[in-house]
Amino acid sequence: MQKLLVTGGAGFIGSNFVHYALDNTDAHVTVLDKFTYAGNRRSLAGLPEDRFALVEGDICDAALVDGLVANADVVVHYAAESHNDNSLHDPRPFLDTNIIGTYTLIEAARKHGTRFHHISTDEVYGDLELDDPERFTESTPYNPSSPYSSTKAGSDLLVRAWVRSFGLQATISNCSNNYGPYQHVEKFIPRQITNVIDGIRPKLYGAGENVRDWIHANDHSSAVLTIIEKGEIGQTYLIGADGERNNKEVVELILKEMGQPSDAYDQVIDRPGHDLRYAIDSSRLRRELGWTPRFSDFEQGLADTVKWYRDNEDWWRPQKSETEAKYKVQGQ
Ligand code: NAD
Ligand code: DAU
């Protein structure tokens, strides 16, 4: 039985991965999570006690990390400060967790010869014009825009350097925007769904022309497992499911699914430096490792996500008013 150490496993994508790995492999999973505002114990409720352990702690804590990495076969590194809007108002935690935390983990993985998979984002590549026929590939130059994406870019470069200089047994994946259950209500899709449930009109930044390339979190998880099993050490793989939609289209779909008029949203002030478009070419992952996404119908996936938030109000309700109060101060 493989022993996986999953950092950030109480967050959105990490918790989806933990469920997916326990359901689809015989691995033992240990989660290391600091339980920032973004971590949620309820996302890990009911997991099998003989195959799952939870450690509350910081990936910047070298002594703690060393002991956990020494006891793992594979480290899957999701932990991060993940929200662009937060990074624009208080960048410091992004430097600590995304840069120093990643450094702390790869030093331990290097020392113990532990296989390491680094989870990253398409945002490291900057943005594309709306009419650009090209999409991001593994060889697109790095050009991050925000404090969040620049710290993720920095963490990717640390991993690459540790592979080349120290022989770290690592792979990297850069994925597009995820949606699905267990996503914090600060993020675009859950914010709008829970706003509609609360009788608040969805909030669109600017004209809503910005395009994101949506992928279901389960498809991200299956891609990460594929890379851990079959990926070549030192390589980067882009993960995406051909899900480009602009924000206005997404809000209109949510409103339709929730029985509201399609124009029942507000336009609010735009995010500074707002990336215009992300688009992933995942052909390398599909061709070389044989991965394919399962959730090809975005509208159905979105309808399932609306249902999940309707059915799981006890999961998101404690975070909602604080999150909206923060947005209100920002005029968003
Ligand atoms: P999230 O904010 O929902 O979860 C982050 C988790 O990390 C939380 O549980 C938090 O408590 C934990 N954490 C934060 N700082 C920590 C620290 N110092 N030590 C230990 N744990 C800490 O984030 P997410 O959206 O699930 O993103 C997870 C990863 O996936 C990130 O690395 C992010 O860059 C990457 N990613 C996200 C997306 C997306 O669409 N959300 C897309 C591509 C890549
Ligand atoms: O591309 C991958 C990235 O996707 C990840 O690396 C990040 O961790 C993740 O947060 C996400 O970043 P975005 O900035 O794209 O996600 P967010 O949910 O914050 O916003 C999605 C789009 O919706 C973006 O164009 C901003 C817009 N938006 C967001 C909010 C919260 C709105 O129009 N209104 C809103 O209320």
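Reading guide: rules and limits
Residues numbered from 1 in each chain as written. Chains lettered and ligands numbered in written order. Predicted model: local features only at pLDDT ≥ 70, side-chain atom pairs only at ≥ 80, totals over all residues. Heavy atoms only, no water. Near = heavy atom within 4 Å. Polar contact = N/O pair within 3.5 Å; in protein donor to acceptor, adjacent residues only side chain to side chain. Helix = DSSP H or I, 4+ residues; strand = E, 2+ residues; numbered from the N terminus. Phe/Tyr/Trp six-rings, centres within 6.5 Å; stacked < 30°, edge-to-face > 60°. Buried < 20%, exposed > 50% of the residue type's maximum accessible area, 1.4 Å probe, protein only. Lys NZ or Arg CZ within 6 Å of the ring centre and 35° of its normal.

What about the site of ligand 1?
Every one of the 28 residues lining ligand 1 counts as a neighbour, but Ile-13, Asp-33, Ser-82, Tyr-148 and Lys-152 are closest to it. A distance of 3.0 Å separates a nitrogen atom of ligand 1 from a polar atom in the side chain of Thr-97. One of the backbone N or O atoms of Asn-178 is found 2.9 Å from an oxygen atom in ligand 1. Among the elements of the structure, helix 1 (12-24), strand 5 (115-121) and helix 5 (147-166) are those that each provide at least two residues to the shell around ligand 1. The dominant element in the shell around ligand 1, judged by the number of residues it contributes, is strand 5, at three residues.

Focus: the packing of aromatic side chains
For the structure on display, the rule yields 15 aromatic pairs. On the numbers, 5.4 Å between centres and 40 degrees between planes, the contact of Phe-17 with Tyr-78 is tilted. Remark: Tyr-78 occurs in the loop between strand 4 (74-77) and helix 3 (84-89) and Phe-17 occurs in helix 1; sequence separation between them is 61 residues. Measuring from centroid to centroid gives 5.1 Å for Tyr-179 and Phe-298, while their planes differ by 80 degrees, and the two rings are edge-to-face. Within this pair, whereas Tyr-179 is found in strand 7 (residues 178-179), its partner Phe-298 is found in helix 10 (residues 298-311), the two being separated by 119 residues in sequence. Side by side, Tyr-179 and Phe-298 carry an identical accessibility label, which is buried. The cationic tip of Arg-191 hangs over the ring face of Tyr-327; the distance from NZ or CZ to the ring centre is 3.8 Å. In this structure, Arg-284 is placed above the aromatic ring of Tyr-237, and the distance from its NZ or CZ to the ring centre is 4.8 Å.

Functional significance is not addressed by these values, which are geometric in nature.
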